[in-house]
Amino acid sequence: MSSTSQKHRNFVAEPMADKPVTALAGIGDVLGGRLEEKGFDKAYVVLGQFLVLKKDEELFLDWMKEACGANSKQAKDCANCLKEWCDSFL
Amino acid sequence: MPVFVEDPSQLSKARLKSDLIAHNVALPPATSRKGIYVELHTRHVDQKKCADFSSDEDAETDEETNYAEILDPSSLTDDGLKAALLQHGVKAGPIVASTRALYERKLRNLLFSNGHDKVNDKVDEADEAVLYSDSEEEENSEEEEEKPATEEIQTQTEPADQCQEDDTQDPALDPVQERFKDLLADTPTGIYASRRRPIKGAAGRPVQYAYPEIPLSPTTLERQEVEKRLVSLKIQILVFFFVAIILYVIYVCVEDYSFNPLLALIDILNQGLDTDESGIQEVEEFLEVE
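This is a predicted model, so every value here is computed, not measured. Note on numbering: residues in each chain are counted from 1, in written sequence order. Each chain gets a letter, beginning with A, and each ligand a number, beginning with 1, in the order they are written. With pLDDT at 70 or above as the cut-off, local features in this predicted model cover only qualifying residues; side-chain atom pairs require 80 or more to be listed or tallied, and sums for whole chains, interfaces and linings still use all residues. Think of the side-chain values as coming from all heavy atoms in the structure, minus any hydrogens and water.

### Some details on the packing of helix H2 (residues 29-37) of chain A against helix H4 (residues 57-68) of chain A
All names here are of chain A.
Logical step 1: Only the contacting stretch of a helix is used when fitting its axis, a line to C-alpha atoms as for every element, and angles between N-to-C directions run 0 to 180 degrees. Where helices and strands are cited, they refer to DSSP runs of H or I of at least four residues and of E of at least two residues respectively, numbered from the N terminus. Direction vectors running N to C along H2 and H4 enclose 85°, while the axes themselves pass 9 Å from each other. With respect to each other, H2 and H4 are oriented roughly perpendicular. On the side of H2, the interface is formed by Leu31, Arg34 and Leu35, while H4 contributes Trp63, Ala67 and Cys68.
Logical step 2: Three classes are used: nonpolar for Ala, Val, Leu, Ile, Met, Phe, Trp, Tyr, Cys and Pro, charged for Asp, Glu, Lys and Arg, and polar for all others, with Gly counted as polar. Counted by class, the contact of H2 with H4 contains five nonpolar, no polar and one charged residues. Angle categories are assigned with fixed cut-offs, so that under 35 degrees is roughly parallel, over 145 is roughly antiparallel, 65 to 115 is roughly perpendicular, and the rest are oblique. Any two residues whose heavy atoms approach within 4.5 Å are treated as being in contact.

Written out as structure tokens, the structure reads:
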């Protein structure tokens with residue numbers, strides 16, 4: 001259909017509940033580990049950061065790069081994933 | 001625009017505060033006495049007015065360095081940072097521990113790019129004053145004010161077109177303001193709130209069945225596009241049964257290599273509807289034949 005990954009589709013299909021941060025699209029083991037070190041151990045905490053930045057993609061990308069060293073593709077995937085989740089469930 | 005020479009101590013604290021923001025001066029902590037505001041106001045605002053009357057070049061460089069010095073994002077309070085961002089047309093979210101660094105960085109970028117813009121503006125102003133005649137004053141001012149916007153969004157060719165458009169369409173409304181309406185809220189405090197979608201049926205609220213048009217996510221739009229072009233489910237089921245019946249009829253015909261059994265069957269069924277007895281007899285006959 002479109003260019004979303006299976007991980008993205010899985011995440012966006014249902015409320016995130018207590019999913020770990022590695023369930024987010026674009027976040028693998030390494031990035032997930034770095035985020036967990038900073039205290040972002042669950043997906044909803046990253047969602048919180050996204051919302052506090054008023055769902056602004058640019059700011060969120062900056063934050064991701066700074067917080068876990070994500071490259072622009074990974075950060076963008078994560079942002080899109082969260083944005084779509086918000087469209088459906090928020 | 002005429003410049004009123006007002007005694008700062010006669011202005012209200014709120015007015016002083018907004019004046020300071022307008023002149024890119026870092027605000028003192030919110031609980032300061034009015035005297036501190038007055039002092040800053042006289043120092044920076046009045047200084048700026050004097051600078052305008054002296055040579056432009058000196059004022060430029062002074063102001064440019066002043067901006068960097070006075071408006072150091074990391075020394076601003078949360079409110080000050082938010083106000084400074086709003087000045088540059090950025091509606092910032094809550095300035096919290098995790099977001100502060102990002103917004104400071106953003107403000108620095110904006111200041112940096114604006115500082116460069118302002119220098120370019122001043123240089124271009126002088127050229128434009130020579131090139132354009134006085135009768136075209138309105139277009140002149142529009143072009144100057146548009147320069148910051150052109151950096152971000154528009155190309156150089158657009159301002160000329162839009163100037164003419166706006167003049168013909170709505171001379172009453174300031175064209176620049178019109179363009180920036182989306183960025184800057186036109187409330188006096190610069191704060192605006194949009195209504196949140198109410199929770200269905202909560203707290204005795206009536207359930208609102210028809211919501212205003214909400215922009216759909218790209219995935220939903222794609223899905224709808226695709227579904228429009230596919231054949232609907234009901235039609236598919238009907239077609240399926242129809243084809244199944246046809247195939248069954250064909251199968252029955254092909255079975256015996258003769259059409260008779262089927263016709264006989266149909267005849268029996270018809271007659272069975274008229275009278276029961278004769279129908280049963282015929283069925284018996286039919287079965288004996290086989």
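### Things to note about a nonpolar patch on the surface
Residues and elements named next belong to chain B.
Logical step 1: Put simply, a patch holds well-exposed residues, over 30% relative accessible area, that have no salt bridge, with like charges counted together within 9 Å and Val, Leu, Ile, Met, Phe, Trp or Tyr side chains within 5 Å. Note that accessible areas follow from Shrake-Rupley with a 1.4 Å probe, and for residues the cover is restricted to the protein chains shown. One side-chain nitrogen of Lys or Arg within 4 Å of one carboxyl oxygen of Asp or Glu is enough to make a salt bridge. On the surface, a nonpolar cluster with roughly 810 Å² of combined accessible area is contributed by Val231, Ile235, Val239, Phe242, Val243, Ile246, Leu247, Ile250 and Val254.
Logical step 2: Its place among the elements puts Val243 in helix H10 (residues 233-256).
Logical step 3: The class for Val243 is partly exposed, based on a relative accessible area of 40%. Residue exposure (1.4 Å probe, protein chains only): buried if accessible area is under 20% of the type maximum, exposed if over 50%, otherwise partly exposed.

### Digging into H2 of chain A
All names here are of chain A.
Logical step 1: Within H2, burial applies to Leu31, Gly32 and Leu35. Buried residues along H2 cover an arc of 100° about the axis, so they all sit on one side. Within H2, the exposed residues directed more than 90 degrees away from the buried face are Asp29, Val30 and Glu37.
Logical step 2: Next to the buried residues of H2 lie helix H3 (43-52), H4 and helix H5 (72-89).
Logical step 3: Among the residues trailing H2, Gly39 stands out with phi positive, at a value near 105°. Regarding the arc, it is the one traced by the directions from the helix axis to the C-beta atoms.

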